[in-house]
Amino acid sequence: MPPRQASFPGTPDSAVQAQNDARDVKRVSVLLPLPLAGAYDYVAPADIADALVPGAVVAVPLGSKERVGVIWDRPAENASDALPVAKLKSVIGVLPAMPISDVQRRFVDWVAAYTLTPPGAVLRMVLSVPDALEAATPVIAYRRVAHLSKEDWAGESDLRLTPARARVMKQLEDGPPRVLSELSRETGVGASVIHGLVAAGALEQVSLAQPSPFVSPDLSRPSPVFSPDQAAIAEDLSAKVRSHSYSATLLDGVTGSGKTEVYFEAIAAAVAEGRQALVLLPEIALSAQWFERFAKRFGAAPALWHSEVTPARRRATWRAVADGSAQVVVGARSALFLPFKDLGVIVVDEEHDGSFKQEEGVLYSARDMAVVRAHLGGIPVALVSATPSLETLVNARDGRYAHLHLPDRHGGAKLPDVELVDLRRNPPPRGQWLSPLLQARLTQTLAEGGQAMLFLNRRGYAPLTLCRTCGHRLQCPNCTAWMVDHRGRSRLECHHCGHVMKLPDHCPSCNAEKSWAACGPGVERLAEEAAILFPDARRAVMASDTLTTPHAAEELVRQVTEREIDLLIGTQVVAKGHHFPGLTLVGVVDADLGLAGGDLRAGERTFQLLTQVAGRAGRADRHGHVCLQTYAPEHPVMQALAAGARDDFLNAEAESREAAGMPPYGRLAALILSGPDAAAVDAHARRLARAAPDDPSLRVLGPAPAPLSLLRGRHRRRFLIQAPKKYALQGTLRRWLATVPAPAAVRVQVDMDPYSFF
């Protein structure tokens with residue numbers, strides 16, 4: 001597709017007209033961080049033409065506004081469909097930001113083409129901190145005036161030398177300029193003394209560049225003592241970094257095998273060569289222990305990138321990544337789009353985790369795009385997990401990825417025993433959720449001075465509230481979802497749109513008073529039961545809505561680690577790589593929870609989650625035990641967990657996927673139609689259905705209401721397209737959607753390789 005033209009009515013201004021008359025007028029193509037069809041052409045002013053190179057960040061007019069964009073590919077000067085130069089507006093100026101690298105620009109184009117997203121929408125993720133594109137505010141420092149002599153201090157002039165002034169002048173005699181706070185602290189004088197010296201002509205102010213807020217990792221600190229397997233893998237990863245070439249490696253190790261410390265050596269290898277390293281974590285705000293390990297290894301903190309980082313820190317981090325002074329970046333999926341100056345290695349920790357899939361805006365998998373970014377940049381990428389995704393395992397088995405394995409826990413610790421608790425034979429007492437067997441295990445563990453954890457992947461007190469009189473269920477007005485009872489905060493909440501309400505006094509259906517019943521348990525209700533059963537145990541709840549800040553998460557992890565908590569009750573956030581040395585018992589209250597529904601990855605995800613949860617037990621010198629409460633102990637997932645037969649389970653899962661032509665042996669794409677008017681969404685869905693590709697290689701399912709057919713006030717319909725693995729699906733989808741343009745009131749999103757089907 002040729003570049004779009006930015007044209008404006010009326011006579012061009014005199015500057016542009018003058019350029020039109022010149023023979024050396026040139027165009028530049030500017031990509032704007034907006035969901036537009038492509039780059040727009042502008043005229044390059046003669047005085048800044050040499051600076052308008054690909055990657056330069058520029059200010060340009062668009063309509064009546066000034067926008068920031070990036071110089072993209074240069075357009076063909078004699079393109080037959082190009083607008084005359086006279087109809088183009090001029091670039092306003094070049095911003096002082098570091099240019100966007102060629103690798104990053106190619107990455108933007110690749111992601112846009114793969115996800116069927118306008119490239120400007122992808123560029124917006126790169127230019128995510130507009131303030132960072134301007135020049136940083138300089139630091140004001142002070143130094144002695146070079147020509148000042150001792151004779152200038154004689155007499156009663158303004159240059160009279162007092163003891164306080166003498167200390168300042170002595171401090172600045174040989175050293176570099178000092179900022180006000182530093183100079184005041186070192187000399188013990190107030191700011192007025194320093195300002196007085198400036199007014200007297202003895203000192204002068206100088207502007208210095210902002211120092212980097214990040215300390216370089218200390219590579220002289222010793223590595224941990226590795227086992228032979230760990231040492232061999234650490235050297236393998238480090239050698240890949242030093243090779244300066246692309247490679248993809250699966251680092252597959254059981255929980256507690258020391259994978260983190262091993263890939264730290266690859267980070268050290270990148271930093272030793274003056275390059276940068278990126279580590280992607282699925283729950284960055286809940287990773288306090290990861291940062292402790294990093295500080296122990298490198299004596300410094302990495303640059304941090306996630307939604308909780310303050311605007312000022314984001315601005316400083318973006319600039320430090322662009323100029324290379326941020327040598328190690330640890331972040332959520334969006335960190336992949338930071339403008340690295342010289343990236344040397346990427347690590348995707350917990351690569352199987354579903355939170356690496358972006359479900360809003362540009363729909364992409366950060367794990368998969370990390371592999372693409374590494375390939376475009378000619379650098380290694382390591383995918384790390386104790387429970388690798390089937391897609392990654394198949395790539396390793398087929399030779400596209402190297403496969404490194406750590407089969408044993410570090411320090412001789414053993415994997416925990418897994419016990420299946422059949423709830424059909426050993427049900428909990430009426431009104432309770434813990435079976436007698438699990439209660440007995442908890443009692444024994446606590447009596448022996450051990451720590452225990454109860455896992456239930458449901459936030460709040462109860463997932464459903466209904467009227468005992470008529471059966472009415474309290475539903476979100478904006479979504480097809482039940483309101484979740486958060487009794488600790490005395491409110492009902494929708495976990496999809498955030499709608500909050502108080503529990504009504506009367507049923508809106510039958511007007512019955514105080515007839516509400518909480519159905520099913522959440523972690524708050526489980527904590528209530530634990531308080532009755534184990535009143536002397538020190539308890540805490542660990543869930544995303546109880547850990548409202550990274551500091552709160554760090555503090556709770558510290559309390560568990562230092563044995564200030566006996567019984568931890570949590571959702572899936574407890575499975576995020578935490579190391580609790582005293583934890584010996586894990587009880588999973590509802591092991592069947594993730595197996596419901598028609599999700600093709602339900603079994604795999606349940607296996608991964610429960611393996612990660614079970615892996616919190618017995619990580620030190622005391623052996624661990626895991627109880628899985630289930631109504632289906634015969635299910636392949638439960639049998640594999642009990643037997644520790646991960647490979648057998650995954651082989652069976654792979655065979656069933658291959659027989660059905662499902663990923664990773666086939667391709668899937670979803671079309672999600674949404675809008676405030678259900679009739680308009682349905683009408684467009686029918687038009688798309690009539691124009692569906694007539695290709696025997698494809699299977700088009702839908703349109704059908706999405707499982708969440710109303711989400712945040714928008715009605716939703718879905719198509720699911722299944723294709724062979726080698727099928728060029730993007731081209732077919734692009735042609736299909738182009739034949740039936742969506743009306744303004746209907747939004748159509750393409751989800752390549754969908755991970756969820758809500």
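Data block above holds the structure.
Residues numbered from 1 in each chain as written. Predicted model: local features only at pLDDT ≥ 70, side-chain atom pairs only at ≥ 80, totals over all residues. Heavy atoms only, no water.

### Brief notes about the sheet that holds strand β17 (residues 417-422)
Strands pair in a sheet through their backbones, by hydrogen bonds, and they do so in one of two ways: parallel or antiparallel.
At step 1: Taking strand neighbours across the sheet as the criterion, the six strands line up as β17-β27-β26-β18-β25-β24 in an open arrangement whose pairing is parallel. Pairing within the sheet leaves two strands with one partner each, and these edge strands are β17 and β24 (539-542). Across this sheet, the average inter-strand angle for adjacent strands is 20 degrees, counted without regard to direction.
At step 2: When strand β18 (residues 451-455) meets strand β26 (residues 583-588), the two strands line up parallel, connected through five bridges. By the bridge assignment, Met453 is partnered in β26 with Val586.
At step 3: Its contacts with the sheet put helix α15 (residues 550-561) on β18, β24 and β25 (567-570), and the angle it makes with β24 is roughly 140 degrees. (Pairing = 2+ DSSP bridges. Helix = DSSP H or I, 4+ residues; strand = E, 2+ residues; numbered from the N terminus. Axes fitted to C-alpha atoms, helices over the stretch in contact; angles between N-to-C directions. Contact = heavy atoms within 4.5 Å.)

### Examining unusual backbone geometry
Glycine aside, residues mostly have negative phi angles, and peptide bonds mostly take the trans form.
At step 1: With an omega dihedral of 10 degrees, the bond running from Pro663 to Pro664 counts as a cis peptide bond.
At step 2: Relative to the assigned elements, Pro664 resides in the loop between α18 (646-660) and β28 (666-675).
At step 3: One non-glycine residue, Glu350, lies in the positive phi region at around 55 degrees.
At step 4: You can see Glu350 is positioned in the loop between β14 (343-349) and α11 (366-377).
At step 5: Of note in this structure, Arg712 is not a glycine but carries a positive phi near 55 degrees.
At step 6: Relative to the assigned elements, Arg712 resides in the loop between β29 (699-711) and β30 (714-724).

### Some points on the packing of aromatic side chains
At step 1: On inspection of all chains with the given rule, the structure shows 12 aromatic pairs.
At step 2: Measuring from ring centre to ring centre gives 5.6 Å for Tyr263 and Phe264, while their planes differ by 90 degrees; the resulting arrangement is edge-to-face.
At step 3: Owing to a relative accessible area of 0%, Tyr263 belongs among the buried residues under this scheme.
At step 4: An aromatic cluster is built from Tyr263, Phe264, Trp290, Phe291, Phe294 and Phe298, whose rings are joined through pairwise contacts.
At step 5: Taking NZ or CZ as reference, Arg487 lies 3.9 Å from the ring centre of Tyr461, over its face. (Phe/Tyr/Trp six-rings, centres within 6.5 Å; stacked < 30°, edge-to-face > 60°. Buried < 20%, exposed > 50% of the residue type's maximum accessible area, 1.4 Å probe, protein only. Lys NZ or Arg CZ within 6 Å of the ring centre and 35° of its normal.)

### Quick look at the sheet that holds strand β15 (residues 380-385)
At step 1: Strands sit in the order β12-β13-β11-β14-β15-β10-β16 across an open sheet of seven strands; the sheet is parallel. Edge positions in the sheet fall to β12 (303-305) and β16 (402-406), since each of these pairs with one other strand and no more. Strand-to-strand twist of the sheet, defined as the mean angle between neighbouring strand axes without regard to direction, takes the value 20 degrees.
At step 2: The pairing of strand β10 (residues 247-253) with β15 spans six bridges and is classified as parallel.

### Examining the pairing of β15
At step 1: With six of six residues buried, β15 lies mostly within the body of the structure.
At step 2: Sheet topology places β14 next to β15; four bridges connect them, and they run parallel. When the bridges of β15 are listed, Asp349 appears paired with Val384.
At step 3: Since β14 and β15 lie parallel, the crossover through α11 that links them has a hand, and here it is right-handed. (Right-handed = clockwise from strand over helix to strand, strands pointing away.)

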